[in-house]
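Architecture and fold: a report
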Amino acid sequence: MNKPLLMLFCSALAIQSSVAADATSPATPTASKTISSPGALKKNPLLVKSALEFEYPAFDKIHNEDYAPAFAEAMRQHDAEIKAIAANPAKPTFDNTVIALERSGQTLKRVATIFFNQLGANTNPTLEALSGDLAPALSAHQDAISLNAQLFKRIQRLVEQKASLHLDAESDRLLDRYYTDFVRAGANLSAAEKEKLKSLNAQLATMENKFNQNVLKDTNASALVVDTKEELAGLSATEIETAAATAKAKGLDGKYMIPLMNTTGQPLLATLENRKTRQRLYEASVQRGSHGGEGDNREVVLTLARLRAERAELLGYANFAAYSLEDETAKTPAAVNKMLGELAPAGVANAKKEAAELQKLIDDEHGNFQLAAWDWAFYSERLHQQKYAFDDNQLRPYFELNSVLQNGVFFAANQLYGISFKERKDLPVYEPTVRVFEVYDVDGKPLAIFIADMYARDNKRGGAWMNNYVDQSGLFATKPVIANHLNIPKPPAGQPTLLTPDEVKTAFHEFGHALHGMFSQVRYPRFSGTNVPRDFVEYPSQVNEMWAVWPEVLKNYAKHYKTGEAIPQDLVDKIVASRKFNQGFTTTEYLSASLLDQRWHQLSSKQIPTDTMAFEATALKDAGVDFAPVPPRYRTPYFSHSFGGGYSAGYYAYLWSEVLDADTVEWFKEHGGLSRKNGDWFRQQLLSRGGSIDPMQSFRNFRGRDPEIEPLLVRRGLK
Ligand SMILES: [Zn+2]
């Protein structure tokens, strides 16, 4: 059974989960409608393994029109494979059932992997239309496997006879994993209940899609329009020109338009001097999905919450969170509530202290108003400059992209793990700015392919993420092909690409995921690399962020792009000193969103409220995080992680992973930091294990004990 395609939505907290679907795009053939001649299928580049080394995708041979027929054929093949396994007259064995399942669906996996990766990184209206058509088809395809009674009976039989099978540890775990996957997908239900489940799955897929479409629709519809240049004081000349051009393109000649970013905060709030404009921009942002009209999500949220609760109840759980968390390292809602509940008072107290400092700044300037949510970014930017006397623009000349990548990210990996990199210009890319590197292990043998897709483009989803094109696995003797995607604005031709400190951190973060994928050393693809619970998967990537500011690494990459001069030590000290700045705000807005995500999903179907916004307000108040200047990172009606799929009941995962991360950073420091010895231990005990052993056990094997929360509290200034 295929786990839903895993894509990691990163840059820690700056995440977007919805992929834009263009409602106006022309109709394209769907998977189910397409009929292709056998000759055409034979030539379809998606239906054969790539002949390139590492099975690297033949991007130069794949065309838009190949996907729909490839999906149809790959699903057909997979169905046939499943049917053969289920109907096998021989009695079930580990090989003829579990291994056979693990081997099945390879073509579908390849087609889906390439398709969804391209949909995120290199999309077009044809792919977007196809993705809409595919959602229900893939959901039904998955249901047909998960609810196949004959197939499940074979797995059940094997579980019953497990003691006599004498499986090795990884195989034992694989059998358990399949059994659990089937049970959680409804295999133990009666025929009538299975029908009900299928119907709920279909409704959920449709409603999640509607939620995401509404967010996109209302984000586009809520662009701020102002009449005069004066109202935009504080913006750069280019930003004002862009606003004028944007308005003109929408037929609003002579006005200025600021489109909303499809993320939480609106970046321009930090520089807009006109308080009224700030307020209008802020309100446009937080009222998305809850002010009537076509993109209103308030009812959609209630329907989704109810459907998820009903689905969980049908499967025997008290609520959706209980169902979802059982398969995470957190295990129970109580464990998540405990962590969030312990951190909330400290986070809010910190945020209130920060608010007082900002208020003082306002008062000193005789601002004569009370700090509001729309003032926070503006005054905290000012306070930051006052306290630390530097801004991103002073740092950027030291953070040239190629140096960050090769002398920073790659250098750190070389020092820790002994791996080396060589650029491959001979492998095809889907876009000319994408770079490909072959990665060599300590012994000089090929280890993996690394694809670096660093620049922002119109046809690329926002945020940053890592994905696999090919998983490492012993079963198929495959080596990993792994991509990192960032969204760094491309400078004009001839200009260097200079990164902000946040972009540098993101580059290290995503490469932490890449290492998790590249060092994987497991037999079964089901356990490869980042195939771990989502509240664990952000852990290795967050750990890798530590090397971005590690003195030996920094010294090696942070050199002025013109003069080659190393970054001045006083700037480095300031960066490090400023890391606790605004942590009260960051922690509180994240905790509030995590709490909302939990409250909604800890409801039973009987407890679904009738008023979305009233429920949100009460939930925040009850949790003690209703501090008006710091609203939740996402309000319910545009909280795509929670309601659009992906991180439903799982938004807490970043902080959960950060506990392990902070504790691991301490371990590295205790053991002398950047060294081969430390890197090898981390690789051997943790990065190479993927999901082949219990992830928390791999943490214990690495750390020598259970995780402790203390380092996280110190890091976030919560102590
Ligand atoms: Zn990540």
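Details of the structure are given in the entry above.
Residues numbered from 1 in each chain as written. Predicted model: local features only at pLDDT ≥ 70, side-chain atom pairs only at ≥ 80, totals over all residues. Heavy atoms only, no water.

Before going further, it helps to examine the overall build of the chain. Looking only at helices and strands, the chain has 28 helices and eight strands in total. Based on the C-alpha atoms only, the size of the chain along its principal axes is roughly 85 × 60 × 55 Å. Sequence separation of at least 24 residues holds for 76% of the intrachain contacts in the chain that already meet a minimum separation of 6. (Helix = DSSP H or I, 4+ residues; strand = E, 2+ residues; numbered from the N terminus. Contact = heavy atoms within 4.5 Å.)

The terminal C-alpha atoms of helix α4 (residues 106-121), which comprises 16 residues, lie 22 Å apart, in line with the 22 Å expected from a rise of 1.5 Å per residue. In terms of residue burial, α4 counts as a mostly covered element, since 13 of its 16 residues are buried. (Expected span 1.5 Å × (residues − 1). Buried < 20%, exposed > 50% of the residue type's maximum accessible area, 1.4 Å probe, protein only.)

Under the criterion given, the structure shown has 44 aromatic pairs. When the ring of Phe59 is compared with that of Tyr469, the centres are 5.4 Å apart and the planes differ by 85 degrees; the resulting orientation is edge-to-face. Pair noted here: Phe59 is in the loop between α1 (38-43) and α2 (64-86) and Tyr469 is in strand β7 (residues 465-470), with a separation of 410 residues, a long-range link. In this pair, the class of Phe59 matches that of Tyr469, namely buried. (Phe/Tyr/Trp six-rings, centres within 6.5 Å; stacked < 30°, edge-to-face > 60°.)

Quick look at the pairing of β7 now. Put simply, side chains in a regular strand alternate between the two faces of the sheet. Most of β7 is tucked away: six of the six residues are buried. With five bridges joining them, β7 and strand β8 (residues 481-488) adopt antiparallel strand pairing. Considered in β8, the bridge of Asn468 is made with Ile482. (Pairing = 2+ DSSP bridges.)

Right, let's talk about helix α25 (residues 653-670) for a bit. Taking 1.5 Å of rise per residue, the 18 residues of α25 would be expected to cover 26 Å, and the 26 Å separating its terminal C-alpha atoms lies within 8% of that figure. At the exit of α25 stands Gly672, carrying a positive phi of roughly 95 degrees.

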